[in-house]
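# Geometric and topological summary
So you can see what is in the structure, the chains are spelled out below.
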Amino acid sequence: MGIWILNGQVVEPASKKMVQKHLFIENGLIQQMTDATESVNTEGHEVIEAKGKLVSAGFIDMHVHLREPGFEYKETIESGSRSAAKGGFTTIACMPNTRPVTGDVETVKYVLDKAEQEAIVKVLPYASITVNELGRELTDFQALAEAGAIGFTDDGVGVQNAQMMKDAMARAKQLNKPVIAHCEDDSLVTGAAVTEGAFARKHGLKGIPNESEAIHVGRDILLAEATGVHYHVCHVSTEQSVRLIRQAKQLGIHVTAEVCPHHLLLSDEDIPALDGNWKMNPPLRTPRDVEAMIEALEDGTIDMIVTDHAPHSEEEKAKGMALSPFGIVGLETAFPLLYSKFVTTGKWTLAFLLEKMTAIPAQVFGLQTGVLEVGKAADITLIDLETTKAVDPSTFLTKGRNTPFTGWELKGWPTLTMVDGNIVWAE
Ligand SMILES: NC(=O)N[C@@H](CC(=O)O)C(=O)O
Ligand SMILES: [Zn+2]
Ligand SMILES: [Zn+2]
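Residues numbered from 1 in each chain as written. Chains lettered and ligands numbered in written order. Predicted model: local features only at pLDDT ≥ 70, side-chain atom pairs only at ≥ 80, totals over all residues. Heavy atoms only, no water.

## Details of the coordination of the zinc ion (ligand 3)
Cut-off, in case you're wondering: Water is not part of the atom set, so a site may look incomplete; the donors themselves are N, O and S atoms within 2.8 Å of the metal, or 3.2 Å for Na, K and Ca. Under the scheme used here, helices are H or I runs from DSSP no shorter than 4 residues and strands are E runs no shorter than 2 residues, and both carry numbers assigned from the N terminus. Using a 1.4 Å probe on the protein chains alone, a residue whose accessible area is under 20% of its type maximum counts as buried, one over 50% counts as exposed, and one in between counts as partly exposed.
The coordination sphere of the zinc ion (ligand 3) contains the protein donors H63 (NE2), H65 (NE2), D155 (OD) and D308 (OD), at a distance range of 2.0 to 2.2 Å. For the pair the zinc ion (ligand 3) and the zinc ion (ligand 2), the metal-to-metal distance amounts to 3.7 Å, and D155 bridges them. Highlighted residues: H65 in the loop between β6 (59-64) and α1 (77-86) and D308 in the loop between β14 (304-305) and α10 (314-317), separated in sequence by 243 residues. What makes H65 buried here is its relative accessible area of 4%. By relative accessible area, D308 is classed as buried at 8%.

## Brief notes about the coordination of the zinc ion (ligand 2)
Looking at the metal site, the zinc ion (ligand 2) is ligated by D155 (OD), H182 (ND1) and H235 (NE2), spaced 1.9 to 2.1 Å from it. Here the donor residues for the zinc ion (ligand 2) map to a single chain with the spacing D-x26-H-x52-H.

## Side note on the packing of helix α7 (residues 239-250) against helix α9 (residues 287-298)
Note the following rule: Axes here refer to lines fitted to C-alpha atoms; in helices the fit is confined to the stretch in contact. Angles between the N-to-C directions go from 0 to 180 degrees. Oblique is the label for any angle not covered by the other classes, which are roughly parallel (under 35 degrees), roughly antiparallel (over 145) and roughly perpendicular (65 to 115). Here a crossing is called left-handed whenever its near helix is offset anticlockwise from the far helix by less than a right angle, and right-handed whenever the offset is clockwise. Throughout, a contact is declared for two residues whenever any of their heavy atoms are within 4.5 Å. Only Asp, Glu, Lys and Arg are considered charged in this grouping, and only Ala, Val, Leu, Ile, Met, Phe, Trp, Tyr, Cys and Pro are considered nonpolar; every other residue, Gly among them, is considered polar.
For the pair α7 and α9, the least separation of the axes is 8 Å and the interaxial angle reads 30 degrees. Put simply, α7 runs roughly parallel to α9. Here the hand of the crossing between α7 and α9 comes out left-handed. Residues E239, Q240, V242 and R246 of α7 pack against R288, D289, A292, M293, E295 and A296 of α9. Tallied by class, residues from the contact of α7 with α9 come to four nonpolar, one polar and five charged.

## Re the packing of aromatic side chains
What counts, and what does not: Geometry of aromatic contacts follows a simple scheme: Phe, Tyr and Trp rings, the Trp one being its six-membered ring, pair when their centres are within 6.5 Å, and the pair is stacked under 30 degrees between planes, edge-to-face over 60, tilted otherwise. Placement of a positive charge over a ring is assigned whenever Lys NZ or Arg CZ falls within 6 Å of the ring centre and within 35 degrees of the normal to the ring plane.
Summed over the entire model, instances satisfying the criterion amount to eight aromatic pairs. Ring centres 3.9 Å apart and planes at 5 degrees place the aromatic pair F141 and F152 in the stacked group. Pair noted here: F141 is in helix α3 (residues 141-147) and F152 is in the loop between α3 and α4 (162-175), with a separation of 11 residues, a long-range link. Grouping aromatic residues by their ring pairs yields a cluster made of F59, F89, F335 and Y339. Its guanidinium or amino end placed over the ring of F141, R171 lies 5.9 Å from that ring's centre, counting from NZ or CZ. Across from the ring centre of F326, 4.6 Å away, lies the NZ or CZ of K279, which sits over that ring.

## Let's talk about the site of ligand 1
Selection rule: Any residue with a non-hydrogen atom lying within 4 Å of a molecule or strand is treated as near it. Here a polar contact is recorded for every N or O atom pair within 3.5 Å, except that within protein the pair must consist of a potential hydrogen donor and a potential acceptor, and residues adjacent in sequence are included only if both atoms are side-chain atoms. Shrake-Rupley sampling with a 1.4 Å probe provides the accessible areas, and residues are treated as covered by the protein chains on show and by no other component.
Near ligand 1 you find 15 residues, and of these R67, N97, H182, N281 and D308 are the closest. At a separation of 2.7 Å, a nitrogen atom of ligand 1 approaches a polar side-chain atom of D308. Contact between ligand 1 and F326: an oxygen atom at 3.2 Å from a main-chain N or O atom of the residue. Burial of ligand 1 by the protein amounts to 94% of the accessible area it has alone, namely 320 Å². Its residues assigned to classes, the shell around ligand 1 shows three nonpolar, nine polar and three charged.

## Focus: the side chain of D384
Defined as follows: Within this scheme the basic residues Lys and Arg register as positive and the acidic residues Asp and Glu register as negative, but His and the chain ends are omitted. Definition used for salt bridges: Asp or Glu carboxyl oxygen within 4 Å of a side-chain nitrogen of Lys or Arg.
With respect to the secondary-structure elements, D384 resides in strand β15 (residues 380-384). Notably, D384 is buried but unbridged: the nearest opposite-charge side chain belongs to K53, and the N-O separation is 6.0 Å. A distance of 2.4 Å separates a polar atom in the side chain of D384 from a polar atom in the side chain of T387. Residues within four places of D384 in sequence aside, it is in contact with K53, G412, W413 and T415.

## What to know about unusual backbone geometry
The amide bond that connects R99 to the next residue, P100, takes the cis arrangement and shows omega of 0 degrees. Within the element layout of this structure, P100 appears in the loop between β7 (89-94) and α2 (105-118). Between N281 and the following residue, P282, the backbone shows a cis peptide bond with an omega angle of -5 degrees. With respect to the secondary-structure elements, P282 resides in the loop between α8 (261-265) and α9. Phi is positive for N27, close to 55 degrees, though the residue is something other than glycine. On the secondary structure map, N27 appears in the loop between β2 (18-26) and β3 (29-35). With relative accessibility at 71%, the residue N27 sits in the exposed group.

## Notes on the environment of G158
With respect to the helices, strands and loops of the structure, G158 is situated in the loop between α3 and α4. Taking relative accessible area as the criterion, G158 reaches 9% and is therefore assigned buried. Linking G158 and G135, residues 23 residues apart in sequence, is a C-alpha distance of 8.3 Å.

## What about the side chain of S79?
If you trace the backbone, S79 turns up in helix α1. Polar contacts involving the side chain of S79 include one to the side chain of E75, which spans 2.6 Å. The residues touching S79, leaving out its near neighbours within four places in the chain, are L397, T398 and K399.

## Notes on the UniProt feature "binding site: Zn(2+) 1" (unreviewed entry) in the chain
Note the threshold: UniProt positions are given in the numbering used here, feature names are shortened, and annotations may be inferred rather than shown by experiment.
When the UniProt feature table is mapped onto this chain, "binding site: Zn(2+) 1" (unreviewed entry) is found at H63, H65, D155 and D308. A maximum C-alpha distance of 10.0 Å places the annotated residues, which cover 246 residues in sequence, within one compact spot. Mapped onto the fold, H63 is located in strand β6. Residue contacts for H63: discarding those within four places in its chain leaves A93, M95, D155, C234, H235, E258, V306, T307, D308 and H309. Sequence-distant contacts of D308, defined by excluding residues within four places in its chain, comprise D61, H63, H65, D155, H235, C260, N281 and I328. At 3.0 Å, the side chain of D308 and the side chain of H65 are in polar contact.

Okay, here's the thing in C-alpha cells:
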C-alpha cells in the first residue's frame, strides 16, 4: 500500500512558484508528482488530503544538541527526534558535547544504535575534534569517520590552539569530511553572559565582545585556505564574522556558514530581564549585527539556517542570566518564527526560506534528501500556513522549556511529518 498526498501546495524549485500537486509515495520514495488538475486513482492506498497545506521536503537541521549519552534529563535522542518531527524536521545532525563526549568509536556507535532504535527522524552524528573537547589531543578521525561521524566539531567550546585546528583540518581533508567550528576565543571572553552592548551597559554587566567570535573565523579561514578543508562556521552572530566569510567566499576558499533563528530575530535590546531563557552562546548581539545576519543570509554569505537546539532543565535555567547554562530550544519554533517574521511580511519568498532549511544544507553536506523529486526519499513535511497559534512551551515535545519566544503569535505550524514514506508525527 502506498500513500497519496492530495492537493498540497508545492513550491517548484525551478520557477519558485506555488503549484497544487498530488504526490504518490511508496517503498519509502516519492514515486509520482502530478498536477492536481489531473485525476488519480487512489484505490487501495492511504490518502492524505493536503488542500491548503504546504507540502515541503522535510527540514534539515545541521546543528542540534540531543544530550544523549549523559544528559538525558535535558533531552534524549528519542525526545529530541520527536521534537524535530513536530517542527517539520526529518534530518538532524547532533553535536558531540555529550557525556562521554562523542569522540570515540564506541560513543558514535551508541548514538547511531540509539537513533536506529528510538529516533523517529534521521540522526547524523558529529564527532569531537579533540578528546573530551578539551583541546589537548585530536581524536581518531579515521576511526570516527568509519564509525559514521559526518564531520568534526568541538561545539560548545572553541578550539583554542591554532596548530591543533590546522592539524584537525588536514586530517579531515584527507577523509573528505568537514570541520564545523564553534568560534570563540577564550582569552577574549571572561565569564560574561550577554553581548557587549546596550543590555550589558544598562545592567552593569561585562559583555562578550564580537571579536571573540570573529577572531576564530578569521584564523580558521586562513587555516582552511592552507589545508583545503571544507570549513563550516557554526551559529554566526557578528557583523565582523560575516565580513570575513564574505571575503573568503570571494577568494574561493571552501567555507560555509549557518545562522540561527534567534540571531535573525532578536537583539540584546529585546532582552526583557536577567532571565536565563534569553541566554545562549553566541549571545544575542546588537541590532546592527542582526541586520548583518539577515543581509548575509540574503546574499548567500551565510548558507543555511540551523536551530542550535540546546535544551536545558527548568532548574538549570531558573538560575538566571549569570548562572544558568547557555542555550535555548529551537526545533519546534524555527519554521513558524521565520515564516511569520520574514515570509508573511513579504521580505522573503517562501522558496527562499525553504531552500535555506532543505536543499542547501543537503547540498553543502552531501545528503541524499532535501528536495521533493520523483525517485527521492519521501522525507516530507505538511504545513498549515494559515492558523495562528501562540508559542506554548508546555506543548513542546522536547524536554526543554527554555525559549525566549513564549507567547509569540505565529503562523506556519507543521501538521504532519513523514520520513522515508512513514508518517512519524501528525498533529
Ligand atoms: N548554543 C548554546 O548556547 N549552547 C550549546 C553549546 C553551543 O552550541 O555552543 C549547548 O550545548 O548547550
Ligand atoms: Zn556552539
Ligand atoms: Zn550548539
